[in-house]
Amino acid sequence: MTRDAIRDLILEIIEDIDEDADFDTLEADKPLRDQLDLDSMDFLDIVMELRKRHKLQIPEEDYPELATLDSCVNYLEPLLADA
Amino acid sequence: MPVSFSQTADQYDVVVIGSGLGGLTSANRLAYCGYKVLLLEYHSQLGGLATWFKRKGHIFDVSLHGFPYGMVKTCKKYWNREIMNSIVQLKNIIFDNPQFQLKTTFDRVDFTEKLISYFKIPKTTIDAFFARVAGMNFYDDQSMTTRELFNEYFPGRSDVHRLLMEPISYANGSTLDDPAITYGIVFSNFMNKGVFTFEGGTDKLIKMMTVELEKCGVTICTNCKVDRIIVEQGKVKGVECRGKVIAAKSVVSNSGITNTIHNLAGRDAFSDTFMEKADKVRVNNSSCQVYIGIKEDEGFDDIGDLLFTSKAAEFSSTELCDLHTKSKTFSVYYPKTRPGHNRHTIVASMNANYKDWEAFSDEQYGQEKESLIQRTLLDLERYLPGAKEKIDWIEAATPRTFNRYTLHTRGTSFGTKFEGLDISRNIFKEVGGLFHVGSVGIIMSGWLGAINYGVIVSNDVDAYMRSND
């Protein structure tokens, strides 16, 4: 999966969680939690959805890697290389 | 609708034991993920402590006293929009005690205003306190107690301590000596937007949840007490219920954590190291309640939705649990609570200790229950003059009642103290495929805590099941 495709995947999952999420002003290097109305339960939803769609197992200690859109892409790129 | 036990299959992906809000949510999430799920409930009704009962035309809610706004998002994401749309705000929260009397919407804006104008606390202190509790996480350092937190921001102000602590003690059984994070997380949740309730009552919520579970394909059986969880070579094999063995790759126990370990899986299923920690888990306190039904043609004007009342000079966690406590809450249910059901009911709740009630003889027990009812009526008179003449039903529940209906160890109403969380979350690392969901660690309790924890545990189950595929 390309970096752009991973980015779209994350945004798509977030949109499913919160259809009112506004991506227009989203800064990729700033925490998603501060910019969108996401809480720790929402991040759990992202983890569950990634497992469902791509059989990805993200251990709890790696959850902080999902903090920003950029860090999500960096973390997932090697994991989704063959997807 | 629940099916007869004879219709259960011999094998499921997941068996959920118990149908409290945590168990219901886990069952729903796992079925939604595509697993074949069986839900077994000991009682005749689903819901666990999220329950209700009917007397003489009245419907009494046992644990519907108010939850935080977070419930809206949680119900939308993990149940459905219809459930979410029934959530409404309770705007009149009343405090009445020898130190202060006030009415509040119980949110940050109104609390800030009250703390400034009524309690004369500088705004900078209030803001700093709110910022501090809002930033708390469950994995933070837990050495600081709530008492120490209060003394840091509001030293010597027992009135402020009472305002901040009393409602949370009723919400999750925490005391001034529990870790400050257990207080801060729950208090912040409420302060977000105030207190909310479920229009239509607990019966409507559980009915809606049952419909959703059936839509997702969960098989539900009530009146089914699981006798044991079968563990072989460190892994879950299934459950035994009414003499039948039902195989399952995972078992989610929504029975209390202490029950799960001691009475369902058995101590032998666990290592000594694990048991050493598990034996240190303290269960939380229990409750007493008095259920009061108002005559159909009586009714009364608005006296508030939730009243925190006390005649004790100062707040004390011990006084709150005393057999003859002078502190209680009144949850008032108006016809608007259950549109179409034109009744007023009142539920008085007190915190209580199981040990104070367990030793009574039948005669003493009856006397103490009657005295509890009389004390409650006397207290209610302050807020509803002539209450005695207006009622046509009154009865009491004690820690023994809670124990009988829920099987909770020592009738606990709020699960375990903080250390229970770690045991609950890691039990599947000890016995493969064995999970626990339910009130633990103070923070994972209450309606919102229980539902969210149901989601957290389903995530663990899903990860386990997929890694074993």
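Residues numbered from 1 in each chain as written. Chains lettered and ligands numbered in written order. Predicted model: local features only at pLDDT ≥ 70, side-chain atom pairs only at ≥ 80, totals over all residues. Heavy atoms only, no water.

Along the backbone of chain A there are 4 helices and 0 strands. Secondary structure elements in chain A, listed N-terminal to C-terminal, are α-α-α-α. Over its C-alpha atoms chain A spans a radius of gyration of 12 Å, differing by no more than 12% from the 12 Å that the globule rule assigns to 83 residues. Considered along the principal axes of its C-alpha atoms, chain A spans approximately 30 × 25 × 20 Å. Out of the 83 residues belonging to chain A, those deemed buried represent 41%. Considering only residue pairs separated by 6 or more positions, chain A has 57% of its internal contacts joining residues 24 or more positions apart. If you average the places of the 8 positive and of the 25 negative side-chain charges in chain A, the two averages end up 5 Å apart. (Helix = DSSP H or I, 4+ residues; strand = E, 2+ residues; numbered from the N terminus. Rg over C-alpha atoms; globule rule 2.2 N^0.38 Å. Buried < 20%, exposed > 50% of the residue type's maximum accessible area, 1.4 Å probe, protein only. Contact = heavy atoms within 4.5 Å. Lys, Arg positive; Asp, Glu negative; His and termini not counted. Charge placed at Lys NZ, Arg CZ, Asp CG, Glu CD.)

Below, the discussion takes up the overall build of chain B. In terms of regular secondary structure, chain B is built from 18 helices and 18 strands. In summary, chain B has a C-alpha radius of gyration of 22 Å against a globular reference of 23 Å for 469 residues, a match within 12%. Seen through its C-alpha atoms, chain B measures out along the principal axes to roughly 60 × 50 × 50 Å. Here chain B holds 469 residues, and the buried ones make up 62% of them. When contacts within chain B are restricted to residue pairs at least 6 apart in sequence, those whose partners lie at least 24 apart make up 73%. For chain B, the exposed area adds up to about 18,400 Å²; of that, 50% sits on carbon and sulfur atoms. The averaged location of the 55 negative side-chain charges in chain B is 4 Å from the averaged location of its 54 positive side-chain charges. (Areas by Shrake-Rupley, 256 points an atom, 1.4 Å probe, with all protein chains shown as cover.)

Per-residue confidence for chain B gives a mean pLDDT of 96, with 100% of residues at or over 70. In the model output, the complex is listed with pTM 0.95 alongside ipTM 0.89. (pLDDT = per-residue confidence, 0-100.)

Below, the discussion takes up the sheet that holds strand S14 (residues 306–310) of chain B. Residue and element names in this part refer to chain B. On the basis of which strands lie adjacent, the open sheet formed by 7 strands has the order S7-S6-S14-S15-S16-S13-S17 and mixed pairing. Edge strands, defined here as strands with exactly one partner in the open sheet, are strand S7 (101–104) and strand S17 (391–397). Sheet twist, expressed as the average angle between the axes of neighbouring strands with direction ignored, equals 15°. The strands touched by helix H7 (residues 158–172) within the sheet are strand S6 (93–96), S7, S14, strand S15 (327–333) and strand S16 (345–352), with S14 carrying the most contacts at an inclination of about 110°. In the packing of helix H16 (residues 399–406) onto the sheet, the strands contacted are strand S13 (286–294), S16 and S17, and the crossing angle to S13 comes to about 95°. (Pairing = 2+ DSSP bridges. Axes fitted to C-alpha atoms, helices over the stretch in contact; angles between N-to-C directions.)

Take the packing of aromatic side chains next. Residue and element names in this part refer to chain B. A complete count under the given rule lists 29 aromatic pairs over all chains for this structure. Here the aromatic residues Phe 106, Phe 111, Phe 129, Phe 130, Phe 150, Tyr 153, Phe 154, Tyr 183, Phe 187 and Phe 190 are joined through ring pairs into a cluster of three or more. If you follow Lys 36 out to its NZ or CZ, it ends over the ring of Tyr 12, 5.0 Å from the centre. For Lys 244, the ring lying beneath its charged end belongs to Phe 5, and the centroid distance is 5.7 Å. (Phe/Tyr/Trp six-rings, centres within 6.5 Å; stacked < 30°, edge-to-face > 60°. Lys NZ or Arg CZ within 6 Å of the ring centre and 35° of its normal.)

This next bit is on the side chain of B:Lys244. All names here are of chain B. Along the chain, Lys 244 falls in strand S12 (residues 244–253). A distance of 2.8 Å separates the side chain of Lys 244 from the backbone oxygen of Thr 8, its partner in a polar contact. Within the structure, Lys 244 has its side chain in polar contact with the backbone oxygen of Ala 9 (distance 3.4 Å). When sequence neighbours within four positions are dropped, the list of residues in contact with Lys 244 reads Phe 5, Thr 8, Ala 9, Asp 10 and Val 239. (Polar contact = N/O pair within 3.5 Å; in protein donor to acceptor, adjacent residues only side chain to side chain.)

Our focus in this paragraph is the environment of B:Leu407. Assignment of secondary structure puts B:Leu407 in the loop between H16 and helix H17 (419–430). For the pair formed by B:Leu407 and B:Asn259, sequence separation is 148 residues and the distance between their alpha carbons is 8.3 Å.

What follows concerns the confidence of the model for chain A. Per-residue pLDDT for chain A averages 91, and the proportion of residues at 70 or more is 100%. Within chain A, helix H4 (residues 69–79) of chain A carries the highest mean pLDDT (96), whereas helix H2 (residues 32–35) of chain A carries the lowest (88).

Between chain A and chain B, the contact holds 16 residues from the first and 18 residues from the second. Between chain A and chain B, the buried area comes to about 1,500 Å², and carbon and sulfur atoms account for 43% of it. Contact with chain B buries surface across chain A, with A:Met41, A:Met48 and A:Arg51 losing the most and accounting together for 38% of the total. Counting across the chain A and chain B interface gives 8 salt bridges. Here A:Asp39 and B:Lys73 are joined by a salt bridge, their closest N and O atoms 3.6 Å apart. At the surface where chain A touches chain B, the tally comes to 11 residue pairs in polar contact (both at pLDDT 80 or more). (Buried area = accessible area lost by both parts, 1.4 Å probe. Salt bridge = Lys/Arg side-chain N within 4 Å of Asp/Glu carboxyl O.)

Residues and elements named next belong to chain B. The element strand S1 (residues 11–17) is extensively covered by neighbouring structure, given that 6 of its 7 residues are classed as buried. Bridging between S1 and S12 involves 6 bridges; their strand directions are parallel. Within S12, the position partnered with Val 15 by the bridge is Val 251. Regarding topology, helix H1 (residues 21–32) serves as the crossover connection from S1 to the parallel strand S2 (residues 37–40), and that connection is right-handed. (Right-handed = clockwise from strand over helix to strand, strands pointing away.)

Our next topic: the nonpolar core. Nonpolar side chains in soluble globular proteins generally cluster together in the buried interior. Residues and elements named next belong to chain B. Within the largest apolar cluster, 125 residues are counted, with the highest numbers of intra-cluster contacts made by Leu 21, Leu 40, Phe 129 and Phe 187. The element that contributes the greatest number of residues to this core is helix H18 (residues 446–467), accounting for 11 residues. Those residues in contact with Phe 187 that lie beyond four places of it in its chain are Phe 111, Phe 129, Phe 130, Val 133, Leu 164 and Ile 168. In this structure, Val 290, Leu 307, Ile 346 and Ala 352 belong to the second largest nonpolar core, which totals 28 residues. (Core = buried A, V, L, I, M, F, W, Y, C linked by side-chain atoms within 4.5 Å.)

All right, on to the environment of B:Thr345 then. Tracing the backbone shows B:Thr345 in strand S16. Discounting chain neighbours no more than four positions away, the residues touching B:Thr345 are B:His58, B:Ile59, B:Phe60, B:Ile292, B:Gly293, B:Ser331, B:Val332 and B:Tyr333.

With that out of the way, let us pick up unusual backbone geometry. Residue and element names in this part refer to chain B. Unlike most non-glycine residues, Lys 120 shows phi in positive territory, near 55°. Mapped onto the fold, Lys 120 is located in the loop between helix H4 (108–117) and helix H5 (123–134). At Gln 233, a position not held by glycine, the phi torsion is positive, near 45°. Tracing the backbone shows Gln 233 in the loop between strand S10 (226–232) and strand S11 (235–241). Judged by relative accessible area, Gln 233 falls into the exposed class, the value being 82%.

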